[in-house]
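So you can see what is in the structure, the chains are spelled out below.
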Amino acid sequence: MSGKPQVHRVGVRDVKFGQRVKMVEPCNLYECEIADDCFIGPFTEIQAGVVIGARTRVQSHAFICELVSIGEDCFIGHGVMFINDTFSTGGPARGRRELWRATTIGDRVSIGSNATIMPVSIVDDVVIGAGSVVTKDIAWPGVYAGNPARLFKRKN
Ligand SMILES: CC(C)(COP(=O)(O)OP(=O)(O)OC[C@H]1O[C@@H](n2cnc3c(N)ncnc32)[C@H](O)[C@@H]1OP(=O)(O)O)[C@@H](O)C(=O)NCCC(=O)NCCS
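Residues numbered from 1 in each chain as written. Predicted model: local features only at pLDDT ≥ 70, side-chain atom pairs only at ≥ 80, totals over all residues. Heavy atoms only, no water.

## Some points on the overall build of the protein chain
On a plain count of helices and strands, the protein chain comes out with zero helices and 21 strands. Computed over the C-alpha atoms, the radius of gyration of the protein chain is 16 Å, within 12% of the 15 Å expected from 2.2 N^0.38 for a compact globule of 156 residues. Its C-alpha atoms put the protein chain at 60 × 45 × 25 Å along the principal axes. Sorting the 156 residues of the protein chain into buried and exposed places 40% on the buried side. When the accessible surface of the protein chain is totalled, it reaches about 9,000 Å², and 52% of it is carbon and sulfur. Here the protein chain contributes 18 positive and 16 negative side-chain charges, whose respective centroids are spaced 6 Å apart. (Helix = DSSP H or I, 4+ residues; strand = E, 2+ residues; numbered from the N terminus. Rg over C-alpha atoms; globule rule 2.2 N^0.38 Å. Buried < 20%, exposed > 50% of the residue type's maximum accessible area, 1.4 Å probe, protein only. Areas by Shrake-Rupley, 256 points an atom, 1.4 Å probe, with all protein chains shown as cover. Lys, Arg positive; Asp, Glu negative; His and termini not counted. Charge placed at Lys NZ, Arg CZ, Asp CG, Glu CD.)

What follows is the structure, given as C-alpha cells:
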C-alpha cells in the first residue's frame, strides 16, 4: 500500500470563550461556546454548537458532541462520552443529521468518570456515578448510577 491519508490537525478553531477560561492542550475544540471561568482538560473534543455554562469543568479525555448543552457549575469527569447518534436505523446516521438527537444538562450536574450519556435531558443538581450509562431523561435531583443508570439517592 502506498496511499497518503488526508490529515486534519487537532486544534482550537472558531470558539467563543468567556473570561478566564483555562484549557490544557492538546484538545480539539471548534465552533462551540465556553463561558467564563471554565476549565477544559487535555485530550478533549468539543464539537460545533456545544454550549458550556460558566464555571463548568471538563476533565481530560471527555467527548462532547454536537447538540449537547451543559449548564453552569457542572463537572464532566474524565472520559465522559456524549452520544447524539443512537443508530436508530440500525447503524450510524452517516451524515443524516436529522437522525441526531440533543442532550441538555442542567446546572450543578456532576458526571463521574467514563460515564456515557445517551441523548437525554438532565435537571439541575444531579450526580451521575462513574461508568454509568444514562439512557433516559432524569427529571429529579439526586444520585444516579449503573447501566442503565437508576436513581440511587434522592436529593434532600
Ligand atoms: C455513585 C457515587 C456518587 C456513589 O457514592 P456513594 O453514595 O458514596 O456510594 P457508596 O460508595 O457508598 O456505594 C454504595 C453502593 O453503590 C455501588 N456503587 C457505587 N458507585 C457506583 C457506580 N458508579 N456504579 C454502580 N454502582 C456503584 C457500590 O458498589 C455500593 O453497592 P453495595 O451497596 O451493593 O455495596 C460514587 O460511587 C461515584 O461513582 N462517584 C463518581 C466519582 C468520579 O467519577 N469522580 C471523578 C473525578 S476523579
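Here the narrative resumes, following the displayed structure.
## Overview of the site of the ligand
Close to the ligand lie Phe75, Gly112, Ser113, Val127, Gly129, Ala130, Ala145, Gly146, Phe152 and Lys153. Between an oxygen atom of the ligand and a main-chain N or O atom of Ser113, the distance comes to 2.8 Å. Take Ala130: an N or O atom from its main chain is 2.8 Å from a nitrogen atom of the ligand. Protein coverage of the free-state accessible area of the ligand, which is 910 Å², stands at 37%. Of the residues belonging to the shell around the ligand, the class tally is five nonpolar, four polar and one charged. (Near = heavy atom within 4 Å. Polar contact = N/O pair within 3.5 Å; in protein donor to acceptor, adjacent residues only side chain to side chain. Nonpolar A, V, L, I, M, F, W, Y, C, P; charged D, E, K, R; others polar.)

## What to know about the sheet that holds strand E8 (residues 51-52)
Overall, parallel pairing links the six strands, which are arranged E2-E5-E8-E11-E14-E17 in an open sheet. Two strands lie at the open edges of the sheet, namely strand E2 (16-17) and strand E17 (121-122), each paired on one side alone. Pairing of strand E14 (residues 103-105) with E17, which is carried by two bridges, proceeds in the parallel orientation. The residue bridging Thr104 from the neighbouring strand is Ser121, located in E17. (Pairing = 2+ DSSP bridges.)

## Examining the nonpolar core
Counting residues in each nonpolar core, the largest one holds 33 residues, and the members touching the most others are Phe82, Ile111, Ile117 and Ile122. Within the residue set of this core, elements represented by two or more residues are strand E11 (68-70) and strand E18 (126-128). Not counting the four nearest positions on each side in its chain, Ile122 is found in contact with Thr104, Ile105, Gly106, Val109, Ile117, Ile128, Val134 and Ile138. (Core = buried A, V, L, I, M, F, W, Y, C linked by side-chain atoms within 4.5 Å. Contact = heavy atoms within 4.5 Å.)

## Digging into the pairing of strand E21 (residues 150-154)
Within E21, only zero of the five residues are buried, which leaves it mostly out in the open. Summarising the sheet, strand E20 (residues 142-145) and E21 pair through four bridges and their orientation is antiparallel. Residue pairing across strands places Gly142 opposite Arg154, the latter belonging to E21. Between E20 and E21, which pair antiparallel and follow one another directly, the connecting turn spans four residues, one of which, Gly146, has a positive phi of 105 degrees.

## A few points about the sheet that holds strand E6 (residues 39-40)
Here we have eight strands laid out as an open sheet, ordered E3-E6-E9-E12-E15-E18-E20-E21, and mixed in their pairing. Because the sheet does not close on itself, it has two edges, and the strands there are strand E3 (22-23) and E21. Two elements, E6 and strand E9 (residues 57-58), share two bridges in a ladder whose sense is parallel. Paired with Ile40 across the strands is Val58, a residue of E9.

## Some remarks on the environment of Thr89
Position of Thr89 relative to the elements: it lies in the loop between strand E13 (81-82) and E14. Residues Thr89 and Leu99, spaced ten residues apart in sequence, show a C-alpha to C-alpha distance of 8.6 Å. Apart from the residues lying within four places of it in its own chain, the contact partners of Thr89 are Arg96 and Leu99. Within the structure, Thr89 has its side chain in polar contact with the side chain of Arg96 (distance 3.5 Å).

Without other data, these values stay purely geometric and don't point to any function.
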